[in-house]
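The chain contents come next:
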Amino acid sequence: MPEADISKVEKNYYTDQPQKNEAFFLKGCNNYDWGFKNRLGRIFNCESGRTVMLAFDHGYFQGPTTGLERPDITILPLAPYADALMLTRGILRSLIPPSLAKATVLRASGGPSILKELSNEHIAMNMEDAVRVNACAVATQVFVGGENETQSVMNLTNLVDAGNRVGMPVLGVTAVGKDMVRDAKYIRLATRMCAELGAAVVKTYFVPEFETVTAACPVPIVIAGGRKLPELDALKMAYEAIQQGAAGVDMGRNIFQSEAPVAMIKAVRKVVHDNMKPEQAFELFLAHANLKRHKA
């Protein structure tokens, strides 16, 4: 038992200072529970309101993707510069040091390999396991317009229900159906569906008229990096997306397949968090890349 409070100093209740009740900094997320928002606050930078997520979950259907043959060698040097890591629980447990204080977003859907119909995914992990490894969010693919559209939508809603029970955000990842055109009309449809069905964050592709996509989606959107682009083009894409309302990027190949991956993720951070122009960020990339060459 603690000792009784016998101090004779007059108590100060600060009656002239109302208790603060700050709104949560992320769009559409103010009404979630404390633990839910705490997890989101570890993914997103509270000052910029944005995130640089490093995606390397490709192996769950592609196997050892180029640049991910040895994630312990290619990814771990990049991890300190990311706000969050998007990965599978297998790679998390086998390769990521528990001492690495980074937010994690776990791929929670799976099933088919690249050899089969990709939209035939199911939920591939238990929410209890996401909590056990202290994940900040779980992610599932939603194939709007795909062969198994309804199945993938139900994967999302089931994950949202399970996540809400334990305070775990769900990232809805839009996957373009084979016969769908990747344009603003389609992306507006897919992102809005994910948000309406409970995704706390949505990952999608950058397209022309992207400002209409972010305006129509009531929760934060992060853009996928997609296929490997020249570094300047990737930085331009990130910059345009941020200026048009994106809350960050979830890049993989445009970082880990770069000639200088550490230099690239540093440049991406400048674009996302500091609004640096892509040309300036590219100069920064070149400077870091050249420094690496000289050291080598």
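In this report, we go over the structure that sits alongside the text.

Definitions and cut-offs
Residues numbered from 1 in each chain as written. Predicted model: local features only at pLDDT ≥ 70, side-chain atom pairs only at ≥ 80, totals over all residues. Heavy atoms only, no water. Helix = DSSP H or I, 4+ residues; strand = E, 2+ residues; numbered from the N terminus. Rg over C-alpha atoms; globule rule 2.2 N^0.38 Å. Contact = heavy atoms within 4.5 Å. Areas by Shrake-Rupley, 256 points an atom, 1.4 Å probe, with all protein chains shown as cover. Lys, Arg positive; Asp, Glu negative; His and termini not counted. Charge placed at Lys NZ, Arg CZ, Asp CG, Glu CD. Axes fitted to C-alpha atoms, helices over the stretch in contact; angles between N-to-C directions. Parallel < 35°, antiparallel > 145°, perpendicular 65-115°, else oblique. Left-handed = near helix turned anticlockwise from the far one by under 90°. Nonpolar A, V, L, I, M, F, W, Y, C, P; charged D, E, K, R; others polar.

### Looking at the overall build of the protein chain
Thought 1: Of regular secondary structure, the protein chain possesses 12 helices and 10 strands.
Thought 2: Taking 296 residues into account, the globule formula puts the C-alpha radius of gyration at 19 Å, and the protein chain, at 21 Å, falls close to it.
Thought 3: Projected onto the principal axes, the alpha-carbon positions of the protein chain cover approximately 75 × 55 × 40 Å.
Thought 4: Long-range contacts, defined here as pairs at least 24 residues apart, represent 66% of the contacts in the protein chain between residues at least 6 apart.
Thought 5: For the protein chain, the accessible surface area stands at approximately 15200 Å², while carbon and sulfur atoms represent 52% of it.
Thought 6: Measuring between centres, the 33 positive side-chain charges of the protein chain sit 3 Å from its 31 negative side-chain charges.

### Description of the packing of helix 9 (residues 231-243) against helix 11 (residues 261-274)
Thought 1: Across the interface, helix 9 lies against helix 11 with an axial gap of 9 Å and an inter-helix angle of 25°. As far as their axial angle goes, helix 11 and helix 9 are roughly parallel. Helix-helix and strand crossings are classified by hand; for helix 9 and helix 11 the assignment is right-handed. Contact with helix 9, carried on its side by Glu231, Ala234, Leu235, Ala238, Tyr239 and Ile242, involves Met264, Ala267, Val268, Val271 and Val272 of helix 11 and no other residues of that element.
Thought 2: Partitioning the contact of helix 9 with helix 11 into residue classes produces 10 nonpolar, no polar and one charged.

Everything listed here is a matter of geometry and, on its own, says nothing about what the molecule does.
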